[in-house]
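Fold and geometry: a report
Take a look at the letters that make up each chain.
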Amino acid sequence: MTGFGKQVIEHEEYQITAEMRSVNNRFLDITIKMPRSFYYLEEKLKKIIKNYFKRGKIEVYISIQGQGSIHKNVHVDWEILGQYVDRVEEIKQHYPVKGELNIEQLVNLEDIFIVEEEEMQDETLTTNLLQAVEESCRKLLEMRRAEGTFLEQDLEERLQVLEDTMNHLQHVRPKVIETYRERISKRITEHLAEYNTIDEARIMQEVAILAEKGDITEELTRLQSHINQMKNTLKEEGSVGRKLDFICQEMHREANTIGSKATAAEINGLDVILKTEIEKIKEQIQNIE
C-alpha cells in the first residue's frame, strides 16, 4: 500500500527530519538511509517500523542538520602518503627530475585524508530521532488507512460483480442442459434416420452424462463460500493481506475449473468475467496490509 509520512523535530543545536515512503510488496521490506554515525540505531528503528507495518516496501530517509548533529574526524593515511613519497623518489632515480614535494601538493594528493563520522551517543538526540521515526510511522499509517477504506469499497463492489455473474450462471445452466438435449436428439435423429422411432431413454442418458461432466454446482458453491470468507476477512482488524491472498488463489482455482467444464459459449463468456474480476481483486489485495 502506498503512502508517505514526514516528521521534523527542531532542537537548539540540530534539526531531525524523518521521511517514510511505502509501495506495494507481498512482504515487509525496510530500507533505511541515514548518516553513518547513527547506524547503531538501525535495529531499533526497524523494530519501531515493524510495530506499525506487516507488508510493503518501506523506505526511510533520515537527515540531521546543525552544529551538534554529526562529529567528523580527519585522519591521515600514512601508508598511502608514504607510497606517494617513495614513488616520487623512484622517479628521481630513473629520470633527471628535480624538485621537492611541498605541503600544498601533499594535501591535494588523492586518498591522503580520511574523514570519519564519529558514532553519536547523545541520549537526547537519540530519543528525538526515534520519536521522529515513530511520528512518521503514524502519519504513514494514517494515509494507508485512508487508502484502505477506498480499497475495501472497491473490493466489495468487485465481489458483488462476482455474485451477480454466478447468479447468471445458475440461471443459464438449465438452458445449457436443454441445448445439450436438443443437440444430442438431432445427432441421433441423423444417425438413426432409417428407424421410425427414437430411443428417448438413450437421449436422456447422453444428456445426463454431459450434464454431469459440465456440472458446475459444486464450484459455484465453493466460490460463494470464498466470497463470504473474503467479505468477513475485510472486516477483521490487523494484518489480513496474506489471508486475502490465499482466499483469492482459491477463487481463481474454482473459476478455472468452471472454465474447463464449460462447453457452452455463454458459460465461457461468464467465466471470463469471473476470472477478470478475480484478477483485479488479486491486484488490489497487494495493496492491503
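The structure presented is a predicted model; accordingly, all values stated were derived computationally and were not measured.

**Here's the deal with the overall build of the chain**
Across its full length, the chain holds eight helices and six strands. Order of helices (α) and strands (β) in the chain, N terminus to C terminus: β-β-β-α-β-β-α-α-β-α-α-α-α-α. Classification of the 289 residues of the chain by burial places 36% in the buried group. Of the contacts made within the chain by residues no fewer than 6 positions apart, 79% connect residues no fewer than 24 positions apart. Looking at the chain as shown, the accessible area adds up to about 17,900 Å², and 49% of this sits on carbon and sulfur atoms.

**Observations regarding the packing of aromatic side chains**
Scanning all chains against the criterion turns up one aromatic pair. Plain terms: the ring middles of Tyr 52 and Phe 53 are 6.2 Å apart, the flat faces sit at 40 degrees to each other, and that makes the pair tilted. Each member of the pair, Tyr 52 as well as Phe 53, is classed as buried.

**Section: the layout of surface pockets**
One number sums up the size of the largest pocket: a volume of about 570 Å³. If you list the elements that add at least two residues to the lining of the largest pocket, you get α1 (42–52) and α4 (123–191). If you tally residues by element for the lining of the largest pocket, the top one is α4, at seven residues. Residue classes in the lining of the largest pocket are distributed as eight nonpolar, five polar and eight charged.

**Considerations on the packing of helix α6 (residues 217–234) against helix α7 (residues 241–261)**
To describe two helices that pack against each other, one gives the angle between their axes and the distance between the axes. Here α6 crosses α7 at 160 degrees, and the two axes come no closer than 9 Å. What the angle tells us is that α6 and α7 run roughly antiparallel. Helix-helix and strand crossings are classified by hand; for α6 and α7 the assignment is left-handed. Contacts from Glu 219, Leu 220, Arg 222, Leu 223, His 226, Ile 227, Gln 229, Met 230, Thr 233 and Leu 234 in α6 reach Lys 243, Leu 244, Ile 247, Cys 248, Glu 250, Met 251, Glu 254, Thr 257, Ile 258 and Lys 261 in α7. Broken down by class, the residue content of the contact of α6 with α7 amounts to 10 nonpolar, four polar and six charged.

**Some words on the pairing of strand β2 (residues 15–23)**
Across eight bridges, strand β1 (residues 3–10) lies against β2 in antiparallel orientation. Across the sheet, the residue bridging to Gly 3 is Ser 22, located in β2. In this sheet, strand β4 (residues 56–65) lies alongside β2 in antiparallel orientation, the contact comprising nine bridges. Its bridge partner lying in β4, Glu 19 is registered against Tyr 61.

**What to know about the nonpolar core**
Of all hydrophobic cores here, the largest spans 29 residues; its most connected members are Leu 159, Leu 162, Met 230, Met 251, Leu 274 and Ile 281. Elements supplying a minimum of two residues to this core: α4, α6, α7 and α8 (265–285). The dominant element in this core, judged by the number of residues it contributes, is α4, at seven residues. Those residues within four positions of Leu 159 in sequence are excluded, and the remaining contacts are Ile 227, Met 230, Lys 231, Leu 234, Met 251 and Ile 281. In terms of nonpolar packing, the next biggest core, distinct from the first, is built from 27 residues, Tyr 14, Ile 16, Met 34 and Ile 49 among them.

**A few points about the sheet that holds β1**
Two modes of strand pairing occur in sheets, parallel and antiparallel, and in both the strands are linked by backbone hydrogen bonds. Spatial ordering of the open sheet is given by β1-β2-β4-β3, a layout of four strands whose pairing is mixed. Bordering the open sheet on either side are β1 and β3 (28–33), each of which pairs with just one other strand. Direction aside, neighbouring strands of the sheet carry axes that sit 10 degrees apart on average. Along the sheet face, α1 touches β2, β3 and β4 and points at about 140 degrees away from the line of β3.

Reading the values: rules and limits
- Residues numbered from 1 in each chain as written.
- Predicted model: local features only at pLDDT ≥ 70, side-chain atom pairs only at ≥ 80, totals over all residues.
- Heavy atoms only, no water.
- Helix = DSSP H or I, 4+ residues; strand = E, 2+ residues; numbered from the N terminus.
- Buried < 20%, exposed > 50% of the residue type's maximum accessible area, 1.4 Å probe, protein only.
- Contact = heavy atoms within 4.5 Å.
- Areas by Shrake-Rupley, 256 points an atom, 1.4 Å probe, with all protein chains shown as cover.
- Phe/Tyr/Trp six-rings, centres within 6.5 Å; stacked < 30°, edge-to-face > 60°.
- 1 Å grid on protein atoms, 1.4 Å probe; cavity = no way out; pocket = protein on both sides within 12 Å on 5 of 7 lines; lining within 4 Å.
- Points joined across faces, edges and corners; volume = space filled by probe spheres on them.
- Nonpolar A, V, L, I, M, F, W, Y, C, P; charged D, E, K, R; others polar.
- Axes fitted to C-alpha atoms, helices over the stretch in contact; angles between N-to-C directions.
- Parallel < 35°, antiparallel > 145°, perpendicular 65-115°, else oblique.
- Left-handed = near helix turned anticlockwise from the far one by under 90°.
- Pairing = 2+ DSSP bridges.
- Core = buried A, V, L, I, M, F, W, Y, C linked by side-chain atoms within 4.5 Å.

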